[in-house]
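Residue strings, one per chain:
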Amino acid sequence: MNASANARVQPGTPTISLPLEGMTCASCVGRVEAALAKVEGVAQVAVNLATQRAVIRSSGPVDRLALIQAVKKAGYDVPTSTTELAVSGMTCASCVGRVERALKSLPGVTEAGVNLATERATIRGVVGVESLVAAVEKAGYEARVIEATAPVGNDEAMAHKDAERAALRRDLTIAAALALPVFILEMGAHMIPAVHHWVSQTLGMQTSWIVQFVLATLILLIPGRRFYAKGIPALLRLAPDMNSLVAVGTLAAYAYSVIATFAPTMLPEGTVNVYYEAAAVIVALILLGRFLEARAKGRTSQAIQRLVGMQSKTAHVVRDGRSSDIPIGEVVCGDHVEVRPGERVPVDGDVLEGQSYVDESMITGEPIPVAKSVGSSVVGGTVNQKGALTLHATAVGSQTVLAQIIRLVEQAQGSKLPIQAVVDKITLWFVPAVMAAALLTFLIWAVFGPSPALGFALVNAVAVLIIACPCAMGLATPTSIMVGTGRGAELGILFRQGEALQLLRDAKVVAVDKTGTLTEGRPVLTDLEVAEGFDRAQVLALIAAVEARSEHPIARAIVDAAAQQGLALPVLSGFESITGMGVRASTDGRRVEVGADRFMHSLSLNVKEFDASAQRLSSEGKSPLYAAIDGRLAAIVAVADPIKPSTPAAIAALHALGLKVAMVTGDNERTARAIAARLGIDEVVAEVLPEGKVHAIQRLKAAHGRLAFVGDGINDAPALAEADVGLAIGTGTDVAIEAADVVLMSGSLLGVPNAIALSKATIGNIRQNLFWAFAYNTALIPVAAGALYPAYGLLLSPIFAAGAMALSSVFVLGNALRLRGFRAPLAAHA
């Protein structure tokens, strides 16, 4: 490191770490250091070329934005980074809007999204963590940074949510126990004459009111304190939220009742009445709604919890010839790990010893165990069946496939869909509008209402405040996303981007790569017909012996076929490759020649007896080869990349969903069209280079509309990125997976119609939730305000308003949880 700036720095002075881009040499380092040293408050600068980072020590307050501007002025850049914060204290959609607005107002923040269901904020930009946390706290909420290096699964977050549920259960129990006698004393006296007589003759009305006052006061001070601690400060900041609505409503009912109890002369004649039961029962009912909501929220993240539960806590590691059990966090890459029958595989690795079957359904969604032997790869979290295995650990901790899956699902669950944008705009102003509606309701009833007008005005205004809380609006979208993406992970469908859920639903055409997507991705021997007088096994052994000298994929397929049939290859001599024709060699004293029909013609051999077979193979997109033994035509051979067994059903399912299917491939036109004809593919774009695939995607999008592209190779990455939604086959390359929006872990094309069906189900669920949330508020606010009273004499009690409000959130969560029962229209395997 090089240092500049001569100011003396005391130990323990604040430091700022700044990532940099664009430095290439020592002179770049000097220029950046000189630029940063000029910023006010900077005492010392150290820039590291290798890590591309600047460490700044300050002698006073330093504006981070000024540092970034200084770097840019010097000709370099500060890359944006993504920060995740855990935000607590949010209760409704308006809270989400307020936190987002506070974060977006910071200079240097390019993007900020807040999720009520996951209680997380995701921020992109160049702002320091301290500034982000301070902005959230200034908005009235609490925040802490979620470290990128934290173990997946977030045990701390789970413990926090468990503690929150326990606190809600405790407060609900206290509120219910205290509210029940208040409700019986007041409402029982109104509705049941016998209770009224009993209260009058034993306690007396004034004593009954005093008892209710004591119980209601305890409710508001103990379990109800949470609403006032958050709601009143928010109101004073002119940023009211759900807590503010509850606080104002219950305090209005309580204060009016206190005056009626202890200073009745202050109220107009005929209006002296108490509403302790409204304040008490509202608190109890809203706590009940919150508790049920918290429990339901816990169930929305059960998919993540199940994935986390699949991580082993210990591993049997062999070191220095001895096996010992150690915590999973102490296993390192290169360790030899024993996996006993019935155990979960603790880490990703390659099999060194043993053979077994492994249940990989948690990764792929496929229920059939997969055979594993020496050299096979295994994934941490999968279940070993009956055999014992010894593994060479290749990935541990946060680098395992399971850890990456958990991270992907968490990211998708925290994302926002385009459909949420409208909700955000409405809910930001919803609570102030509700308070204005409540005030207007109070004034109208106070001026124009029947006697006792003040009582009617108070009750109806409180009902409006309580009924209109936008909790359901804030939960409508994120809860469905959480459950939908979690269910997808269980089916082997990983949504890397949450918005892919919405975009996939609207796809009009699905474009697929051929090799490795429609097909197995490796050539195999598909046809071998021998002429009369020749033995099939003997001919295959002779052809394989000759082709064993070649590295051509077709040759390797023939050799592999012979090996699979257990054929011993004879010793070869005199191998010769004839360019553009074929190969010849001698083995066991016999001359063997393999090549195209023109090679056979040059040997004066007539291939007419195989004409029918050759035409059939050509129609299937296969290129036939011929074999001659000792100068006689012996066989016709075809090697092809076979279509996956699951592909025809997947194409049929896509057509059943009303989608067009296009094939985009670099293969020759004839082969591509032959495969397309067999599978019923609607459109073929063949003989395209990787950059040509991007142009093909653009043309298909222009012709058909929104497009999803499915691929698995490095050359598919540009096309995956260009498509509206890119789906990568999970058995493909890391580059393709990184470029995709959706990853199909099973490696089967059947995952595509399943992913589209899940997308349709999730967006349909979101729309149901939004309809319920908006329709509920739109319909019930006028009812709470007393719109039905002139015609029908009906008023909505604040108690029923509180119950209905709690029910709306529970309904939305319950509806979202239905997605846990989503059944894939096609099995995950053929």
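Residues numbered from 1 in each chain as written. Predicted model: local features only at pLDDT ≥ 70, side-chain atom pairs only at ≥ 80, totals over all residues. Heavy atoms only, no water.

K.L.:
Go over the overall build of the chain, please, and point to the residues and values.
P.N.:
A tally of helices and strands in the chain yields 31 helices and 30 strands. Of all 830 residues assigned to the chain, the portion counted as buried reaches 53%. Here the contacts in the chain between residues at least 6 apart in sequence split such that 69% fall between residues at least 24 apart. For the chain, the exposed area adds up to about 36,000 Å²; of that, 58% sits on carbon and sulfur atoms. (Helix = DSSP H or I, 4+ residues; strand = E, 2+ residues; numbered from the N terminus. Buried < 20%, exposed > 50% of the residue type's maximum accessible area, 1.4 Å probe, protein only. Contact = heavy atoms within 4.5 Å. Areas by Shrake-Rupley, 256 points an atom, 1.4 Å probe, with all protein chains shown as cover.)

K.L.:
So, the sheet that holds strand β20 (residues 524–530): which residues are in play, and what are the values?
P.N.:
Strand order in the open sheet formed by 6 strands is β20-β25-β24-β23-β22-β21, with antiparallel pairing between adjacent strands. Of all strands in the sheet, those bounded by a partner on one side alone are β20 and β21 (572–578). With direction set aside, neighbouring strand axes in the sheet form an average angle of 20°. Strand direction decides the pairing type here: strand β23 (residues 590–595) and strand β24 (residues 623–629), joined by 4 bridges, are antiparallel. Among the inter-strand pairings, E593 is bridged to a residue of β24, identified as A628. (Pairing = 2+ DSSP bridges. Axes fitted to C-alpha atoms, helices over the stretch in contact; angles between N-to-C directions.)

K.L.:
Explain the packing of helix α20 (residues 536–547) against helix α21 (residues 553–564) to me, using residue names and the numbers behind them.
P.N.:
Orientation of α20 relative to α21, taken along the N-to-C sense of each, is 135°, at an axis distance of 9 Å. One way to sum up the angle between α20 and α21 is to call them oblique. Our pair here, α20 against α21, has a crossing hand that is left-handed. On α21, the residues touching L540, I543, A544 and E547 of α20 are A555, I558, V559, A561 and A562. (Parallel < 35°, antiparallel > 145°, perpendicular 65-115°, else oblique. Left-handed = near helix turned anticlockwise from the far one by under 90°.)

K.L.:
Please set out the nonpolar core residue by residue, giving values where relevant.
P.N.:
In this structure, L85, M90, L103, I286, I467, V510 and L727 are the most contacted members of the largest nonpolar core, which totals 137 residues. In this view, V510 contacts L654, L659, K660, V661, A662, A708, V710, V752 and I756; residues no more than four positions away in its chain are not counted. In terms of nonpolar packing, the next biggest core, distinct from the first, is built from 39 residues, L528, A557, I558 and A638 among them. (Core = buried A, V, L, I, M, F, W, Y, C linked by side-chain atoms within 4.5 Å.)

K.L.:
Quick one: what's the story with the sheet that holds strand β19 (residues 509–512), residue by residue and with numbers?
P.N.:
Ordered in space as β18-β30-β29-β28-β19-β26-β27, the 7 strands form an open sheet in which the pairing is mixed. Taken across any chain shown, the strands that pair with only one partner, and hence form the sheet edges, are β18 (493–495) and β27 (683–685). Recorded for the sheet is a direction-independent mean angle of 20° between the axes of neighbouring strands. Across 4 bridges, β19 lies against strand β28 (residues 707–711) in parallel orientation. By the bridge assignment, V510 is partnered in β28 with A708. Packed on one face of the sheet, helix α29 (residues 751–785) meets β18, β19, β28, β29 (725–729) and β30 (742–744) and runs near 55° to β18.

K.L.:
Can you explain the pattern of salt bridges? Please cite residues and give values.
P.N.:
Under the counting rule described, the total for this entry stands at 16 salt bridges. Between D527 and R616 there is a salt bridge, with the nearest N and O atoms lying 3.4 Å from each other. Of the two residues, D527 sits in strand β20 while R616 sits in helix α23 (residues 611–619), which places them 89 residues apart along the sequence. Here E593 and R591 are joined by a salt bridge, their closest N and O atoms 3.3 Å apart. Ionic contacts of the salt-bridge type, sharing partners, join the residues E576, R584, R591 and E593 into one network. (Salt bridge = Lys/Arg side-chain N within 4 Å of Asp/Glu carboxyl O.)

K.L.:
Can you break down the packing of helix α16 (residues 453–467) against helix α31 (residues 798–817) residue by residue, with the values?
P.N.:
At a minimum axis distance of 8 Å, the contact between α16 and α31 shows a crossing angle of 5°. Between α16 and α31, the angle is such that the two are roughly parallel. Across from V459, V462, A463, I466 and I467 in α16, the residues of α31 making contact are P798, A801, A802, A804 and M805. For the contact of α16 with α31, the class distribution of residues is 10 nonpolar, no polar and no charged. (Nonpolar A, V, L, I, M, F, W, Y, C, P; charged D, E, K, R; others polar.)

K.L.:
Lay out the UniProt feature "transmembrane region" (unreviewed entry) in the chain in plain terms, naming residues and giving numbers.
P.N.:
When the UniProt feature table is mapped onto this chain numbering, "transmembrane region" (unreviewed entry) sits at residues 172–195, 207–224, 245–267, 273–292, 426–448, 454–477, 770–789 and 795–817. Annotated as residues 273–292, this span is 85% helix and 0% strand, and its ends, taken at the C-alpha atoms, are 33 Å apart. (UniProt positions renumbered as here; feature names shortened; annotations may be inferred.)

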